[in-house]
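Read off the chains here:
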Amino acid sequence: MSIQVRDQVFSLTTNDSLYQMKVDQYGILNHTWYGPNTEMDMSYIEDYPEISFSANLWDTEKSRMYSLNDRLLEYPCGGISDFREPALLLRVPDGSSSLDLRYYSYEILEGKYSIEKLPASFDRDHKTQTLKITLKDTVYDIFVDLLYGIFEEENVITRSVTIRNMTPFEIQVKKAVSASLDLPESDYEVIHFHGRHAMERLAERTSLSHGTFSIGSRRGQSSHQHNPGIILAKNNTNETSGEAYGMLLVYSGGFEADIEKDQLDQIRATIGLRSENFRWQLKPCEHFCGPEAILSYSEKGLGVLSNQYHDFIRSHLIRSSFVHQKRPILINNWEATYFDFNGEKLLSIAKSAHELGIELFVLDDGWFGERHNDDSSLGDWFVNEKKLQMPLRQLVEKIHALGMQFGLWIEPEMVSENSKLYRDHPNWVLRSPLRDPARSRYQLVLDMANPEVVDYLEQVFTKLIEENEIDYIKWDMNRSISDFYAPSLSPKTQSEMAHRYMLGVYDLADRLTSRFENILFEGCAGGGGRFDAGMLYYFPQYWCSDDTDAHNRCFIQHGTSFFYPISATGSHVSAIPNHQTGRNTSLYTRGIVAMAGTFGYELDLSELSPKEKEEVKEQIKVYKSMQELVLEGDYYRLSDPNQQNVSAWSFVSKDKKKIIVQAVVFEHKPNMKKPHVFLQGLDENRWYRRKEDGHLFTGKALMKAGLFLPDQLGTDEACMIELEQIDSKNREAQ
Ligand code: DGJ
């Protein structure tokens, strides 16, 4: 049983963790524990002396020992004597913002809860239970449902919150985080993922000082700058040992994550929707559902934590049937041509790709309206037959006739001023009534909060896809939102706009991906600007970054791997000198780095030499032979590229029998020791044979003494080493 309720103690157990709450004598829901399964009521850890300047609940009468400001709380509210970061802030008509939530009831439901209009994890095997704990304000009929999904085998607890207004008046939700986690100790560091366009999700680890450490996005998208996930790791936690907690938000819009170290050196971590400028109006009998947060705990280091997230996201979040399928190896024309192409050029790229074994041709930006540069035509999703020299359908047929699939780029949420759509519907654009909106990449943002816009886009893209037998769609989004004003909303509801925009995007993504289940969708937002768990619900893969430089990709893919599975990480081999950095790396290195993702190419293959073409053929053969391991196996980071001269990672099959180690050594320094890496996730009592030369190692040796990488001259030299477990009985015969 994953949920146990005894004496007002709620114990949620997974294979390797216990999450526990307790209702205390005043009806307050305490968060008593999240960590290894200690198999007992953990409320004894809330043993506080009197702390001055911590106010006391009225009900405690003259006792000065009980203060909400000290205790570990499950869903803390501001304004009733807890002075730390609140999880929930409301406003009622009398002007007050305080809520005093006390335990009201609980329910155990079979199966996993879902969340209205929002992406959320699911359980197709019906092994999951949901716990719903309802809290109620002491004065107003305001109810808060805390929802927990318990995924035992995956070591995951999901959380979500619903606020129900049963008062006779309208209230406003000002802040409602998806998860708040109070921890009794403070010896944690936070790992978070920051960046910028073409340099996303760089892992940064910082210690916590007193006060609040905060990350977030006010860009209306989860953003290149901060990803909506944080890891709290004990100071001594590394890839293979130590405790770590992950909190990942299933949301693609503005968010905030705060980690506060309080006066007692306790930690409160919260993650949820961005609350700045947020006010959600709730009329009587209405409710508000917040997005989901995925929590996971490991006491075996960051590698295990990441694999828990990877397995969970693959099995319980990505709903596309492609998630467990081998993806076609693709060629994308963007870096090969940018806007400068015609039908003939595209066909020649497709033909040379097909000859090398590539299976899917993707036509990127520039096929519609008068889109010859990025200054026009977004919104005019009509094929430019003059540029293509034929109808799109004909181009698709020609590609299909080659034996390849056909993919198309779209950017549904955007519009160019120079477009028919904008001329016809100037009021479909986000902008405040008396101001001109900010342009970014010359484009404006459609009002996705307007159902009319969503209906229109559904109809346009449905027609486009149906008429042209498309096999793959790349859904791009190339700017942040700056003008948070939707013409379709009343002045009073403008503070709902950012969230309503996301609900509109999810609605459109839901409609199109449900209707076209057989189409492989890849998400994109100027590279990985919206690479998040919300988007992965609809799109099984996501373009990781516009930076295709193999060296930089080592850092970007390293950071991405903390939460997101490799099967979701779009990665391509591109031309040199690299278009973003001017760096030259060998074709071999570019291939190895792109293989740590959904593999593809993004260059004009017809410009390759015969020798390079042979190498591409070989890469495709190699990737196909390892594809299942990459998509379904465990993934381990074997180095920290920020600290070491090497970026190394490995794929290990679930049965621990097949291992592939890939690495890039950044710099060869004269007379340096051979670089070596310590493998992870092997069976330490088994023997492994290095394929290349038959050398035998025990799993223990590979994990404790390490494996040497070839010592090669040059910079950014990659290598790949394959190992397989052998039957120990036959070792003598090997
Ligand atoms: C940004 C994407 O990340 C690129 O791959 C490409 O599709 C361009 N947009 C096209 O405008």
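**Let's talk about the pairing of strand S2 (residues 9-14)**
Then, in step 1: For S2, the tally of buried residues reaches 6 of 6 residues, placing the bulk of the element in the interior.
Then, in step 2: Burial along S2 is two-sided: the face carrying Val9, Ser11 and Thr13 and the face carrying Phe10, Leu12 and Thr14 are both buried.
Then, in step 3: The pairing of strand S1 (residues 3-6) with S2 spans 4 bridges and is classified as antiparallel. Across the sheet, the residue bridging to Gln4 is Ser11, located in S2.
Then, in step 4: Here S1 folds back onto S2 in antiparallel fashion, the turn holding 2 residues, of which Asp7 has a positive phi close to 50°.
Then, in step 5: Both S2 and strand S3 (residues 17-23) contribute to a ladder of 6 bridges, which runs antiparallel. Looking at S3, one finds that Ser11 is bridged to Gln20.
Then, in step 6: Turn length for the S2-S3 hairpin, with the two strands adjacent in sequence and antiparallel, is 2 residues.

**What to know about the site of the ligand**
Then, in step 1: Close contacts around the ligand come from 13 residues, with Asp364, Asp365, Lys474, Asp476 and Asp546 the closest.
Then, in step 2: Contacts to the ligand include Trp409, whose side-chain N or O atom sits 3.1 Å from an oxygen atom.
Then, in step 3: Between Asp476 and the ligand, the recorded distance is 2.7 Å, taken from a side-chain N or O atom to a nitrogen atom.
Then, in step 4: Coverage of the ligand by the protein chains reaches 98% of its 290 Å² of free accessible surface.
Then, in step 5: Tallied by class, residues from the shell around the ligand come to 4 nonpolar, 3 polar and 6 charged.

**Points about the state of the cysteines**
Then, in step 1: Per the counting criterion, the structure on display carries 0 disulfides.
Then, in step 2: Not engaged in a disulfide, the cysteine Cys524 finds its nearest cysteine sulfur in Cys544; these two sulfurs lie 11 Å apart.
Then, in step 3: For Cys524, a relative accessible area of 1% gives the class buried.
Then, in step 4: Cys719 forms no disulfide, and the closest cysteine sulfur to it belongs to Cys554, at a distance of 11 Å.

**Things to note about the pairing of strand S14 (residues 229-234)**
Then, in step 1: Across the 6 residues that make up S14, a large majority, 6, are buried.
Then, in step 2: Both strand S11 (residues 188-196) and S14 contribute to a ladder of 4 bridges, which runs antiparallel. Each bridged residue has a counterpart across the sheet, and for Val190 the counterpart in S14 is Leu232.
Then, in step 3: In terms of strand pairing, S14 meets strand S15 (residues 244-250) through 5 bridges, oriented antiparallel. Along S15, the bridge assignment pairs Ile231 with Gly246.

**Observations concerning the pattern of salt bridges**
Then, in step 1: Here the structure, examined in full by the defined rule, presents 54 salt bridges.
Then, in step 2: Among the salt bridges present, the one from Asp59 reaches Arg102, with a minimum N-O distance of 2.8 Å. On the criterion of sequence distance, the pair formed by Asp59 in the loop between strand S4 (29-35) and strand S5 (88-91) and Arg102 in strand S6 (residues 101-110) is long-range, its members being 43 residues apart.
Then, in step 3: Judged by its relative accessible area of 10%, Arg102 is buried.
Then, in step 4: A salt bridge links Lys420 to Asp424; its shortest N-O distance comes to 2.6 Å. Pair noted here: Lys420 and Asp424 are both in helix H6 (residues 420-424), with a separation of 4 residues, about one helical turn.
Then, in step 5: Residue classification places Lys420 among the partly exposed residues on the basis of a relative accessible area of 45%.
Then, in step 6: Through salt bridges with shared partners, a single ionic network connects Asp455, Glu458, Glu466, Asp507, Arg511 and Arg515.

Criteria and thresholds
- Each chain has its residues counted from 1, running along the sequence as written.
- In keeping with the model being predicted, local features are shown solely for residues with a pLDDT of at least 70 and side-chain atom pairs are shown and tallied solely at 80 or more, while totals for entire chains, interfaces and linings include all residues.
- Side-chain metrics rest on all non-hydrogen atoms present in the structure, leaving aside hydrogens and water.
- Buried, partly exposed and exposed residues are distinguished by accessible area as a fraction of the type maximum, computed with a 1.4 Å probe on protein chains only: under 20%, between the cut-offs, and over 50%, respectively.
- Comment: elements are numbered from the N terminus, with helices defined as DSSP H or I runs of at least four residues and strands as E runs of at least two.
- A pair of strands is treated as paired once DSSP finds two or more bridges between them.
- Throughout, near means a residue has at least one heavy atom within 4 Å of the molecule or strand.
- Polar contacts, as counted here, are pairs of nitrogen or oxygen atoms within 3.5 Å of one another; within protein the pair requires one atom able to donate a hydrogen and one able to accept it, and residues that are adjacent in sequence qualify only if both atoms are side-chain atoms.
- Computed with the Shrake-Rupley method and a 1.4 Å probe, the accessible areas treat only the protein chains shown as cover for residues.
- In this count, Pro and Cys sit with the nonpolar residues alongside Ala, Val, Leu, Ile, Met, Phe, Trp and Tyr, while Asp, Glu, Lys and Arg are called charged and the others, Gly among them, polar.
- Here, a disulfide means two cysteine sulfur atoms that sit within 2.5 Å of each other.
- The working definition used for a salt bridge is a side-chain nitrogen of Lys or Arg within 4 Å of a carboxyl oxygen of Asp or Glu.

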